[in-house]
Each structure stands twice: as C-alpha cells, then as structure tokens.
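Per-entry structural report
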Amino acid sequence: AQTVTQSQPEMSVQEAETVTLSCTYDTSENNYYLFWYKQPPSRQMILVIRQEAYKQQNATENRFSVNFQKAAKSFSLKISDSQLGDTAMYFCAFMNNAGNNRKLIWGLGTSLAVNP
Amino acid sequence: EPEVTQTPSHQVTQMGQEVILRCVPISNHLYFYWYRQILGQKVEFLVSFYNNEISEKSEIFDDQFSVERPDGSNFTLKIRSTKLEDSAMYFCASSETSGGGQGETQYFGPGTRLLVL
C-alpha cells in the first residue's frame, strides 16, 4: 500500500525568506502523480503544485517549486520569498495512475508559519 | 474561474440523525470524490464516483454512507445514522478526467464542517 510521510509537523520562516517542506512516499508503482495542497485557516484545500512521476523536470509555479527525487521517493516543496499569506497547513499527496483508482493518499501535513 | 461549491458550510446534528452534504462539482468534470478530515488527523479518502456509480470506496465508507448524483449538477453524501466519530470536515472534489495529464488534478470545495452531538 502507498504511504506518504511528512516528517515536519511544524515549521516557521521569516517573511521574504525561503523554506523547504519535506515529503517522502512509498510505492511500488512507476506511474503516479504527486501534489502539494495548501490549507489556510479557512480550511479550504487549495492546489499548490503537481508533479507527474514520468517527468524528470521539477515542477514550478511562481514562488513554489519542487525537488522530485524519484529514486529516493522524495518530493519536497520549496517556497521562495515567503509571504504572510503562505501561512497554512501544507499537505503532500500521492495518486496512483492506474485503472480507475484515483484516490489521493495524504501525509499528515506540515503547519507553516510565516513571521513578519 | 470555475470552482467546486459545498453546502452547508457548517452542520450540527444529533447522534442517530441523517445528514446530507451537498456538492456542486465543476461543470465539465466527470469524476467526483468525497474525503474527510477529522480535526488534527490526516485527510482520508471516502469514495470516488464516475458515470453514476461508485468507482472505489474505502473501509470507512460502510453501509451508513451513500452517494448520489440526483441531477446533472449536484453530488451528495448521505450519512444515514450519524455517530459521534463522524464529526469531521467533509471535502468534495472533482476532476476532469482520469486519463492522465492536467485533467487528473482534483479540485476541492471549501468543505462542510459536521459536528455530531
């Protein structure tokens, strides 16, 4: 069974600095997707970034980028130039790309505080 | 920008009562999902739905739960007889396809916070 591990329950960063959130996963599959979702205090679940496992190039979305290491099964999120609005819970999620099985498997989350 | 909507935002109910949580997925999406998040715990998959039938369900999704797409827009989750442990945030999500590419991405509604007393 696939599992997702986020080993940092809480992190903090100063505004304008860079922070990296860790995520590792376990799977025997070769074809899958990885996601980072953000959950601010409103508790809405917002997609931050996605990565297809077959792509070697790391995904980027503005200030957000990932370091995808397929062999190591690692998928970390880097937030550059942190802003106060980045304060949120961040969840790493895995989705297998096989058949009709499209459920997301989630890590426990990392609570990020951006300090002024 | 199209978005998933959910109603109600909050629901308080007595143990043993039935609740129906409603979702309106993004209009051109074909795959629908329910997840729940008990406070302080990880998000858990409940059920996926495609072509008017359940594609997959978790062990949490027992006979007390059911899903329905009663018309062309709504997607509902019914809990027949609520228990205290059903108290959680319930998220609906939808995706365009399941065939690979950007269409795989699941977009979430704002959630319904259910409290069972």
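The structure this text deals with has already been given above.
What this report covers is the structure whose coordinates are included nearby. (Residues numbered from 1 in each chain as written. Chains lettered and ligands numbered in written order. Predicted model: local features only at pLDDT ≥ 70, side-chain atom pairs only at ≥ 80, totals over all residues. Heavy atoms only, no water.)

Focus on the overall build of chain A
Within chain A, the regular secondary structure consists of zero helices and twelve strands. If you list the helices and strands of chain A from N to C, you get β-β-β-β-β-β-β-β-β-β-β-β. For chain A, whose C-alpha radius of gyration is 14 Å, the value lies close to the compact-globule estimate of 13 Å for 116 residues. Projected onto its principal axes, the C-alpha coordinates of chain A cover approximately 45 × 25 × 20 Å. Put simply, chain A has 116 residues, and 49% of those count as buried. (Helix = DSSP H or I, 4+ residues; strand = E, 2+ residues; numbered from the N terminus. Rg over C-alpha atoms; globule rule 2.2 N^0.38 Å. Buried < 20%, exposed > 50% of the residue type's maximum accessible area, 1.4 Å probe, protein only.)

Comments concerning the packing of aromatic side chains
Across all of its chains, the model carries 21 aromatic pairs over all chains by this definition. Taking 5.2 Å as the distance between ring centres and 80 degrees as the angle between the ring planes, the aromatic pair formed by A:Tyr37 and B:Phe108 counts as edge-to-face. One end of the pair, A:Tyr37, is in strand S5 (residues 32-39); the other, B:Phe108, is in strand S10 (residues 107-108), on a second chain. Given the relative accessible area of 1%, A:Tyr37 is considered buried. Here the aromatic residues A:Tyr33, A:Phe35, A:Tyr37, A:Phe91, A:Trp106, B:Tyr33, B:Tyr35, B:Phe45, B:Phe91 and B:Phe108 are joined through ring pairs into a cluster of three or more. (Phe/Tyr/Trp six-rings, centres within 6.5 Å; stacked < 30°, edge-to-face > 60°.)

Some thoughts on the nonpolar core
One finds A:Tyr25, A:Trp36, A:Phe75, A:Leu77 and A:Tyr90 to be the most contacted residues of the largest nonpolar core, which totals 26 residues. Residue assignment for this core shows that the elements contributing at least two residues are strand S3 (19-21), S5, strand S6 (46-52), strand S8 (64-69), strand S9 (74-79), strand S10 (88-96) and strand S12 (110-115) of chain A. Considering every element that reaches this core, the biggest residue donor is S10(A), with four residues. Setting aside anything within four residues of it in sequence, one finds A:Phe75 in contact with A:Cys23, A:Tyr25, A:Leu34, A:Phe35, A:Trp36, A:Gln51, A:Val66, A:Asn67, A:Phe68 and A:Cys92. By size, the runner-up hydrophobic cluster in this structure holds 23 residues, among which are B:Val4, B:Phe32, B:Val47 and B:Leu77. (Core = buried A, V, L, I, M, F, W, Y, C linked by side-chain atoms within 4.5 Å. Contact = heavy atoms within 4.5 Å.)

Here's the deal with the state of the cysteines
All names here are of chain A. Inspection of every chain in the model, using the stated rule, returns two disulfides over all chains. Two residues share a disulfide in this structure: cysteine 23 and cysteine 92, whose sulfurs sit 2.0 Å from each other. Taking the sign of the S-S torsion, -70 degrees for the link of cysteine 23 and cysteine 92, the bridge is left-handed. One end of the pair, cysteine 23, is in the loop between S3 and strand S4 (24-26); the other, cysteine 92, is in strand S10, and 69 residues separate them in sequence. (Disulfide = S-S within 2.5 Å.)

Side note on the pairing of strand S7 (residues 65-68) of chain B
Along any regular strand, the residues point their side chains to alternate faces of the sheet. Only one face of S7(B) is buried: it carries B:Phe65 and B:Val67, and the other face, with B:Ser66 and B:Glu68, is open. Linking two consecutive strands that pair antiparallel, namely S7(B) and strand S8 (residues 75-79) of chain B, is a turn of six residues. (Pairing = 2+ DSSP bridges.)

Here we look at the pattern of salt bridges
All names here are of chain A. Per the stated rule, a full pass over the model turns up eight salt bridges over all chains. For aspartate 86, the salt bridge identified is with arginine 63, shortest N-O distance 2.8 Å. Remark: arginine 63 occurs in the loop between strand S7 (60-61) and S8 and aspartate 86 occurs in the loop between S9 and S10; sequence separation between them is 23 residues. Among the charged side chains, a network of salt bridges with common partners joins Arg50, Glu52 and Lys55. (Salt bridge = Lys/Arg side-chain N within 4 Å of Asp/Glu carboxyl O.)

Notes on the side chain of A:Arg102
Residue and element names in this part refer to chain A. For arginine 102, the location among the structural elements is in the loop between S10 and strand S11 (104-106). The exposure class of arginine 102 is buried, given its relative accessible area of 3%. Within the structure, arginine 102 has its side chain in polar contact with the backbone oxygen of asparagine 96 (distance 3.5 Å). Only 3.1 Å separates the side chain of arginine 102 from the side chain of asparagine 97, close enough to count as a polar contact. (Polar contact = N/O pair within 3.5 Å; in protein donor to acceptor, adjacent residues only side chain to side chain.)

Side note on the pairing of strand S4 (residues 31-37) of chain B
All names here are of chain B. The buried fraction of S4 amounts to seven of the seven residues, a majority that puts the element mostly inside the structure. As judged from the seven bridges shared by S4 and strand S5 (residues 43-50), these two strands associate in the antiparallel manner. In the strand pairing of S5, glutamine 37 is matched with valine 43. Between S4 and S5, which pair antiparallel one after the other, the connecting turn spans five residues, and glycine 40 there sits at a positive phi close to 80 degrees. Looking at chain direction, S4 and strand S9 (residues 88-95) are connected through seven bridges and run antiparallel. Bridged to glutamine 37 within S9 is methionine 89.

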